[in-house]
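Each chain, written out:
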Amino acid sequence: METRIPQIEPVNNTVLGQKRKGDSDGNGNSSGNGNRTSYKQLLHKEKQEHHQQTKQKQRRQLLNQDNDLPTLLDCFQFLDSPDPTPYAKVCFESDYGDIFQVCIGDGRYDGMRTQLYRYQKNSLFKILKRELLPDFFLDPNFNPLRKVDLGGQSKICHPLLPYFQFAHGFNEADNPWLYERQQYTPEASPVNSQDVSWYSDTRGGIICEDMGTGKTCECLALILLTKRQMARPPLQGEMLPCVGTVASALETDFCDLHSDIDYSDRTIYRPSVHSLKLLAGKAALLSCVESLRVMHDDGLLPIAMWRQLEPYPPYYWVNPIVEKRPRRGAGSYSTYQVSFKVYMSSSTLVVVPDNLIDQWVREKYKHIEDTGGLEMLKIDSSTLRIPEPKKLIQYDIVLMSVGRLSKEYIPIDSNISELRHLCRCYSRGLEHCVCDKRKKVASYRSPLLRVHWKRLIVDEGHIMSSRNAARSLMAAYLIAERRWVCTGTPTHNLVHATSEIFTDTQTAAIDEMDDSLQMDYSDSKGSITSQSLADKHCHGRRKYKVDMRESSWDFFQLGMLVSKFLRMDPFAQSTSLWSSIMVQPYKRDERGARGRLRALMQSIMVRNRPEAISSEVQLPSLHERVVKVAPSQLQMLTYNTVVAFFHINAILTERTGRDYFFHPENKKHLRQIVENLFYSCFWFSASIQHIKDGIENGRRALELWEKGEKPYSTKDVALLRQAISQLQHASADSKWIHSMQAESVGYYIHGLPACMQTGLHLVKETISALSPLSLPLEFPLNPDKPNIPLNGTNTLEEPAKLATADQITNITTQAKFMLMTTDDDLPPCSRNLSPREFTMLKDAKIAGCTSSKVVYIVDSVLRYHRDEKCIVFVNSQSEAIIIDDALHLARVPHLLYASHGMSQSQRRHNITTFSTSTVYNTIVMDVNLAAYGIDLSAASRVWFVSPIWQAARERQAIKRAHRLGQRSPVFVETLLTAGSIEEALWTRRQEISSDDTEVIAKGVEEDSKMCTVLSNARFIEHCGISDLFTMQMPLLPSNIRYPQLLMDKFNKWYPDSADGATNVPFFKAKRLVLRVSEPNQVDKDVEHS
């Protein structure tokens, strides 16, 4: 085969006809000694170009193929539920058979108040199996090829063969699989399992049960069942990741303080000869301390002997990691070594988010008995000193907040490496040498790092996937034999796996599919078919399609958990191995890559399918409803102004250029105006100046079009005129201008006395009420409240006043001040309210609100809050403030759970109060904070003020109430503003849920169909309703009464006037002070008054 040599084109800066240095003369001779292009170089260049073209083609094929590959979400959704059956024989015949027998046995565990469900016991069995009998994991450099017939009796095989095999009770010769290297060559021959490298599996994993299925209860049961077990001591010389090297075997400081041997009369003193009691005590502590603890708990060990042994737990020395390369200027002397003790422990360190630490305490006392249960230490305060290791290891559970753990982080090698330098204290201008202080600081180790923990559990542990966060770095320093991540969402996009709701028909179809698609890696011919089965299994119920960029981020997060936190070999050796061994082969769709990934996830993840849980646990019914609420007049004006800006921007920019909202480089401004549009469906304060600018810009554009300078279409001109009209309509409404200037939701007050109306906006129109026939859509009327008469002959006598929540609060404060008086014979002051004015003020009502959603929420909470627990989910801080103000005005005792203005301790306190109090039955929660981890099963009424784009986040929030422990039906209502963009958002969400080809966009503005809807947003037409006036809340609290002393004054000074005097002689608030020494000056003061 001949290789085609490309012709060399002359260089542009070379003159034709002139020989260059190094050119050939036609006979193959070179005309110079310069660089020349040989045939080998040309061949090499052509091969490089061909290689680059091939790589680009493969990259394009890979991008196209990524759309068809099952994502991590697909694999996660269809993991098999834990099943103890394949592992039962191996586990029961092991040294831990009694624990496994108790685990899957019937009844409650000793020390637990709660009896676990069967699916929880199956999960616990898998957790214990991974801790006590870890498996072997196939070296990813090998791929399974085919099965062979071993002959004879069938042996026990691991259910995840060929990628996993038993490490106990299994012989490698019984593995029927043949393997080949990943870089397959025709000369290579298949090898059996004995010639393949196997890595020991990690003693831990990811507990990723769905929300509200009892993950905390499973963790507590795990700690209780293994309460008497000690961590396995490391070998001398063993390397502890991120910590250092084990420098000694186990030691103990036990000494015979009460020895009966007296050496005073002996001629020869032998201090090296120890008593038998000392030798026996040390041997017991170093070899069988776990048995001693068991004997003590069972009452078989004398208390006096245990008290002598307990203060001296075994430990080993560790040489920490130090900087290997000496810095410039370092001396030649040896490095200062700061070895430290690490104490062996049977304790479990549980790290939880700050807002969940009180919930863990409640769960512990709820599920674990007080006597014979678990001893727990809670550490959450940033100022609380952590006890010494000898104290920590005395507890079964050390509960610590993530924030407190992060504060303990100090880089291990940063201070130690500085000790190799010579003393330079005086040369730096210090009066005293601080080297000893530096050594003391360098030798400090957090007590958490000086304990060899039996187990580390991180609740909501997906936060440990961060690479450089202090919490992740500190967790890497901790010495723990068993490591568990407890979270319902191991990676960001796996949250969508929990958002699916199965009906009875869907569940039946799922069961039928599972029967036909069992996890099998071989067909009848013995060839591997895991790839095809994985495809069918993953695409069977696929409900969501994740963007490939998000899918890559999922792979990265899972890799960080597997390599850095779980420390699973070989990925723990280097983080790049996860990408090169697992991710890239999977994306290239190499043989065996899908089966390896799914087997790995099936092994390390503990998760029950929803149908497995629903078959055993019958939760109370869940009722969900969408309520469409018609906007108030002011809401409609605000919404239409934001829509007008969309259209004016589109027309003026001619839908091109960077100024266009939907231009790819204008995402920041698009996101902002989209947020404003959704805020206006609840309440949004627009800028009056922006409205004026919008009108002016629109008029200029019309003038340019009329002059022929702008080629706007007829449709765009009509749309521009409509947008200008909407802006003019809003700017001409005095109520709307007042509300925008106040930057707050307005409340309509009826019946306010004239003396209290200062500074309030007068509503010119009379308050019109709503008849049942004119109510908007699904807006309910409270039958217990009287309706305000309709327009016409039955209008109210007085117009209403528009006030903000702060102004209404000031009215209440002012009323209290105007009722104050003194016990004297003087007449009442002008600031005092007369009995008639107080009666009017007492009868004054808060009749309505400028936000229809606020009216609906307040009306609903008032209806249910006395008998049921209520949750109001908001999307932003502004919504939380408005709802909080409205509930304050309605005198509803409630709590807040917001992101700003509240500390972690305040949020934790509010959660505890809401769950236990009989007074505070309502809580307003930011859905972005409250959607994960919190148990609010006491609530049965849930409202979403606005629809949530991410359906998974909404399911997470609902699961705060509809979960294990819920005893009442849960009613959920989502409010939509009729005719607004919220209806389009809800419709789009249903489309994504029903179509498995739809891609889940991270934000509304990133979804192509929603962008089309936004660019063609419609104005809300006037629905014929001025505002909603169904609240009818009293303005003053019921505990404010007219003072009897003030009533007596009015009766005394104005006995003939039923209403009280209107012109009192002393109208000043301050009383006159008579000066006896200057009587003339008093007369002048009175005349001046």
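Report follows, based on the coordinates. (Residues numbered from 1 in each chain as written. Predicted model: local features only at pLDDT ≥ 70, side-chain atom pairs only at ≥ 80, totals over all residues. Heavy atoms only, no water.)

**Brief notes about the overall build of the protein chain**
The number of helices and strands found in the protein chain is 37 helices and 30 strands. For the protein chain, with 1089 residues in total, the buried portion stands at 50%. Considering only residue pairs separated by 6 or more positions, the protein chain has 79% of its internal contacts joining residues 24 or more positions apart. Within the structure as shown, the protein chain displays about 54,000 Å² of accessible surface, and the carbon and sulfur contribution to it stands at 50%. (Helix = DSSP H or I, 4+ residues; strand = E, 2+ residues; numbered from the N terminus. Buried < 20%, exposed > 50% of the residue type's maximum accessible area, 1.4 Å probe, protein only. Contact = heavy atoms within 4.5 Å. Areas by Shrake-Rupley, 256 points an atom, 1.4 Å probe, with all protein chains shown as cover.)

**Section: the sheet that holds strand 27 (residues 939–944)**
Overall, parallel pairing links the 6 strands, which are arranged 19-28-27-24-26-25 in an open sheet. The open sheet has two edge strands with one neighbour each: strand 19 (622–629) and strand 25 (894–897). Going across the sheet, the axis of each strand differs from the next one's by a mean of 20 degrees, ignoring polarity. Pairing of strand 27 with strand 28 (residues 970–977), which is carried by 4 bridges, proceeds in the parallel orientation. Counterpart to W943 in the pairing with strand 28 is E973. Lying over the sheet, helix 30 (residues 877–889) contacts strand 24 (869–874), strand 25 and strand 26 (922–926), oriented at roughly 170 degrees with respect to strand 25. (Pairing = 2+ DSSP bridges. Axes fitted to C-alpha atoms, helices over the stretch in contact; angles between N-to-C directions.)

**Some thoughts on helix 29 (residues 852–864)**
Because each turn of an α-helix spans 3.6 residues, side chains separated by three or four positions in sequence point in the same direction. Here helix 29 spans 19 Å end to end across 13 residues, near enough to the 18 Å set by a 1.5 Å rise per residue. Here helix 29 lies mainly inside the structure; 10 of its 13 residues are buried. If you check which residues of helix 29 are buried, you get S852, K853, V854, V855, Y856, I857, V858, D859, S860 and V861. (Expected span 1.5 Å × (residues − 1).)

**A closer look at the pattern of salt bridges**
Enumeration over the complete set of coordinates arrives at 36 salt bridges. Where E973 meets R625, a salt bridge forms, and the shortest distance between an N and an O atom there is 3.0 Å. Separated by 348 residues along the polypeptide, E973 in strand 28 and R625 in strand 19 bring together distant segments of the chain. E973 gets classed as buried once you look at its relative accessible area, which sits at 14%. Residues R988 and E991 are paired through a salt bridge, measuring 3.2 Å at the closest nitrogen-oxygen approach. In this pair, R988 and E991 both sit in helix 34 (residues 981–994), 3 residues apart, roughly one turn of the helix. On the accessibility criterion, E991 (33% relative accessible area) is partly exposed. (Salt bridge = Lys/Arg side-chain N within 4 Å of Asp/Glu carboxyl O.)

**Some details on the packing of helix 6 (residues 215–225) against helix 10 (residues 357–367)**
Orientation of helix 6 relative to helix 10, taken along the N-to-C sense of each, is 60 degrees, at an axis distance of 10 Å. In this view, helix 6 runs oblique relative to helix 10, as classed from their interaxial angle. Viewed along their axes, helix 6 and helix 10 form a crossing whose handedness is right-handed. Judged by residue contacts, T216, C217, C219 and L220 of helix 6 engage W360, E363, K364 and H367 from helix 10. In terms of residue class, the contact of helix 6 with helix 10 is made up of 4 nonpolar, 2 polar and 2 charged. (Parallel < 35°, antiparallel > 145°, perpendicular 65-115°, else oblique. Left-handed = near helix turned anticlockwise from the far one by under 90°. Nonpolar A, V, L, I, M, F, W, Y, C, P; charged D, E, K, R; others polar.)

**Examining unusual backbone geometry**
In this model, L161 is joined to P162 through a cis peptide bond whose omega is 15 degrees. On the secondary structure map, P162 appears in the loop between strand 2 (142–147) and strand 3 (164–165). The omega angle of the peptide bond from D569 to P570 is 0 degrees, so this bond is cis rather than trans. Considering the arrangement of structural elements, one finds P570 in the loop between helix 18 (548–565) and helix 19 (575–587). Of note, the phi angle at E460 is positive, near 50 degrees, even though the residue is not glycine. With respect to the element layout, E460 can be found in the loop between strand 15 (451–459) and helix 15 (470–477). A positive phi angle, close to 60 degrees, is found at D589, a residue other than glycine.

**Overview of the pairing of strand 14 (residues 397–401)**
Burial analysis of strand 14 places 5 of its 5 residues in the buried class, the great majority of the element. Side-chain alternation along strand 14 places I397, L399 and S401 on one buried face and V398 and M400 on a second face that is also buried. In this sheet, strand 14 lies alongside strand 12 (residues 348–352) in parallel orientation, the contact comprising 5 bridges. Across the sheet, residue V351 finds its bridge partner in strand 14, namely M400.

**Considerations on the side chain of R908**
Within the secondary structure, R908 sits in helix 31 (residues 904–916). R908 sits in the buried class, given a relative accessible area of 10%. Setting aside residues up to four positions removed in sequence, R908 forms contacts with D354, N355, L356, I357, D358 and D380.

**A look at the sheet that holds strand 2**
Strands belonging to one sheet form pairs held by backbone hydrogen bonds; the direction of such a pair is parallel or antiparallel. In space, the 3 strands of this open sheet follow the order 2-4-5, with antiparallel pairing throughout. Strands at the two margins of the open sheet, each flanked by one partner only, are strand 2 and strand 5 (191–192). The sheet contact formed by strand 4 (residues 177–181) and strand 5 spans 2 bridges and is antiparallel. Its bridge partner being in strand 5, Y179 is matched across the sheet by V191.

**Some points on the pairing of strand 22 (residues 801–804)**
When a strand is regular, its side chains alternate between the sheet's two faces. Going residue by residue along strand 22, you find K801 and A803 tucked away on one face and L802 and T804 tucked away on the opposite face as well. Bridge analysis of strand 20 (residues 746–750) against strand 22 gives 4 bridges, and the strand direction is antiparallel. Bridging across to strand 22, G746 finds its partner in T804.

**Brief notes about the nonpolar core**
Formed by 106 residues in total, the largest nonpolar core has its most connected members in W736, Y747 and I883. Ranked by the residues each element gives to this core, the list is headed by helix 22 (residues 633–652), at 11 residues. Not counting residues up to four positions away in its chain, the partners in contact with W736 are L634, L637, T638, T641, A686, I688, I691, A730 and S731. (Core = buried A, V, L, I, M, F, W, Y, C linked by side-chain atoms within 4.5 Å.)

**Things to note about the side chain of S94**
Considering the arrangement of structural elements, one finds S94 in the loop between helix 3 (85–92) and helix 4 (97–104). Apart from the residues lying within four places of it in its own chain, the contact partners of S94 are F100 and L133.

**Digging into the packing of aromatic side chains**
A complete count under the given rule lists 18 aromatic pairs for this structure. Ring centres of Y117 and Y119 lie 5.9 Å apart, and the angle between their planes is 15 degrees; this geometry places the pair in the stacked category. The exposure class assigned to Y119 is buried, which follows from its relative accessible area of 2%. For the ring pair F555 and Y586, a centre distance of 5.6 Å and an interplane angle of 50 degrees mean the geometry is tilted. Taken together, the residues F555 in helix 18 and Y586 in helix 19 connect sequence positions 31 residues apart. With respect to burial, F555 and Y586 carry one shared label: buried. Taken together, the ring pairs connect F137, F164, F571 and W578 into an aromatic cluster. Stacked on the ring of F565, the Lys or Arg R483 has its end atom at 5.3 Å from the ring centre. Over the face of the ring belonging to F914 we find K869, whose NZ or CZ atom lies 5.0 Å from the ring centre. (Phe/Tyr/Trp six-rings, centres within 6.5 Å; stacked < 30°, edge-to-face > 60°. Lys NZ or Arg CZ within 6 Å of the ring centre and 35° of its normal.)

Structural measurements only, silent on function.
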